[in-house]
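Chains, contacts and geometry: an overview
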Amino acid sequence: MKVWWQQLNNREQRLVVAMGLFFIVFVFYSAIWKPINNSITEANSKLARQQELLTWVQDNTALYNQVKKSDGKSSLTGTISSATNRSAKTYKLTITRMQPQGDDLQVWIDSTPFTQLLLWLEHLVNKEGLQVKAIDLTLGDSVGEVKVRRLHLTKL
């Protein structure tokens, strides 16, 4: 190898040294730096997703505990529409339209979290003494949200 090196002129020796340095930098980047950098990026992304999930769980746990505190079945106080409006505000739902039909009530709600809607319906049935006769749902504006196209409520 020493003989081969000495046979090269100065220009060729510099070129071989430069290519050797380039090769070492390339191997360092592709075998060490890039995998470490990708792992850090993936870990940060996973951390952000986990923090988002934690926030969602904490919010819904607080709401669940609030609902759970008010145990016991109660009967309807007031009209169906007043009970529906009052409880919808408690569950942070925005009713876009209500239409009374005798002793029944038709309700429409724009995009709302599905879990929030289920908790509200559970409250209407167990606490307000209402019954869900029919419900039509479509996909909401965001992931995990639904639109209530028609909710038919009646007294038990």
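**Focus: the packing of helix H3 (residues 80-90) against helix H4 (residues 114-126)**
One way to put it is that H3 packs onto H4 with a least axis distance of 10 Å and a crossing angle of 140°. For the element pair H3 / H4, the angle class is oblique. Note on packing geometry: the crossing formed by H3 with H4 is right-handed. Along the contact surface, H3 presents Thr84, Ser87 and Ala88, while H4 presents Trp120, His123 and Leu124. In terms of residue class, the contact of H3 with H4 is made up of 3 nonpolar, 3 polar and no charged.

**Structural notes on H4**
For an α-helix, 3.6 residues make a turn, and residues three or four places apart therefore share a direction. For H4, which comprises 13 residues, the first-to-last C-alpha distance of 18 Å matches the rise-based estimate of 18 Å (1.5 Å per residue) to within 8%. Among the residues of H4, Gln116, Leu117, Leu119, Trp120, Leu121, His123 and Leu124 are the ones counted as buried.

**Overview of the nonpolar core**
By size, the foremost hydrophobic cluster in this structure holds 19 residues, and its most contacted members are Val107, Ile109, Leu117, Trp120 and Leu151. Of all the secondary structure elements, the ones that give two or more residues to this core are H3, strand S2 (104-113), H4 and strand S4 (145-155). By residue number, the principal contributor to this core is H4, which donates 5 residues. Other than its neighbours up to four places away in sequence, leucine 151 contacts Leu105, Gln106, Val107, Trp120, Leu121, Val132, Ala134 and Ile135.

**Thoughts on the pairing of strand S1 (residues 95-101)**
Pairing between S1 and S2: 6 bridges, direction antiparallel. Directly across from proline 100, in S2, lies its bridge partner leucine 105. Once S1 ends, the chain turns through 2 residues before running back antiparallel as S2, passing glycine 102 with a positive phi of about 70°.

**With respect to the side chain of threonine 154**
With respect to the element layout, threonine 154 can be found in strand S4. Here the side chain of threonine 154 touches aspartate 104 through a polar contact of 2.6 Å, side chain to side chain. Those residues within four positions of threonine 154 in sequence are excluded, and the remaining contacts are Ile80, Asp103, Asp104, Leu130, Gln131 and Lys133.

**So, the environment of asparagine 9**
Tracing the sequence through the fold places asparagine 9 in the loop between helix H1 (2-7) and helix H2 (10-69). Judged by its relative accessible area of 41%, asparagine 9 falls in the partly exposed class. Each C-alpha atom, one on asparagine 9 and one on glutamate 128, is 95 Å from the other, the two residues being 119 residues apart in sequence. Looking at asparagine 9, its side chain comes within polar contact range of the main-chain nitrogen of glutamate 12, at 2.9 Å.

**Concerning unusual backbone geometry**
Despite not being glycine, lysine 92 has its phi angle at roughly 55°, a positive value. Mapped onto the elements, lysine 92 comes out in the loop between H3 and S1. The exposed category is assigned to lysine 92, whose relative accessible area is 70%.

Conventions and cut-offs
Residues numbered from 1 in each chain as written. Predicted model: local features only at pLDDT ≥ 70, side-chain atom pairs only at ≥ 80, totals over all residues. Heavy atoms only, no water. Axes fitted to C-alpha atoms, helices over the stretch in contact; angles between N-to-C directions. Helix = DSSP H or I, 4+ residues; strand = E, 2+ residues; numbered from the N terminus. Parallel < 35°, antiparallel > 145°, perpendicular 65-115°, else oblique. Left-handed = near helix turned anticlockwise from the far one by under 90°. Contact = heavy atoms within 4.5 Å. Nonpolar A, V, L, I, M, F, W, Y, C, P; charged D, E, K, R; others polar. Expected span 1.5 Å × (residues − 1). Buried < 20%, exposed > 50% of the residue type's maximum accessible area, 1.4 Å probe, protein only. Core = buried A, V, L, I, M, F, W, Y, C linked by side-chain atoms within 4.5 Å. Pairing = 2+ DSSP bridges. Polar contact = N/O pair within 3.5 Å; in protein donor to acceptor, adjacent residues only side chain to side chain.

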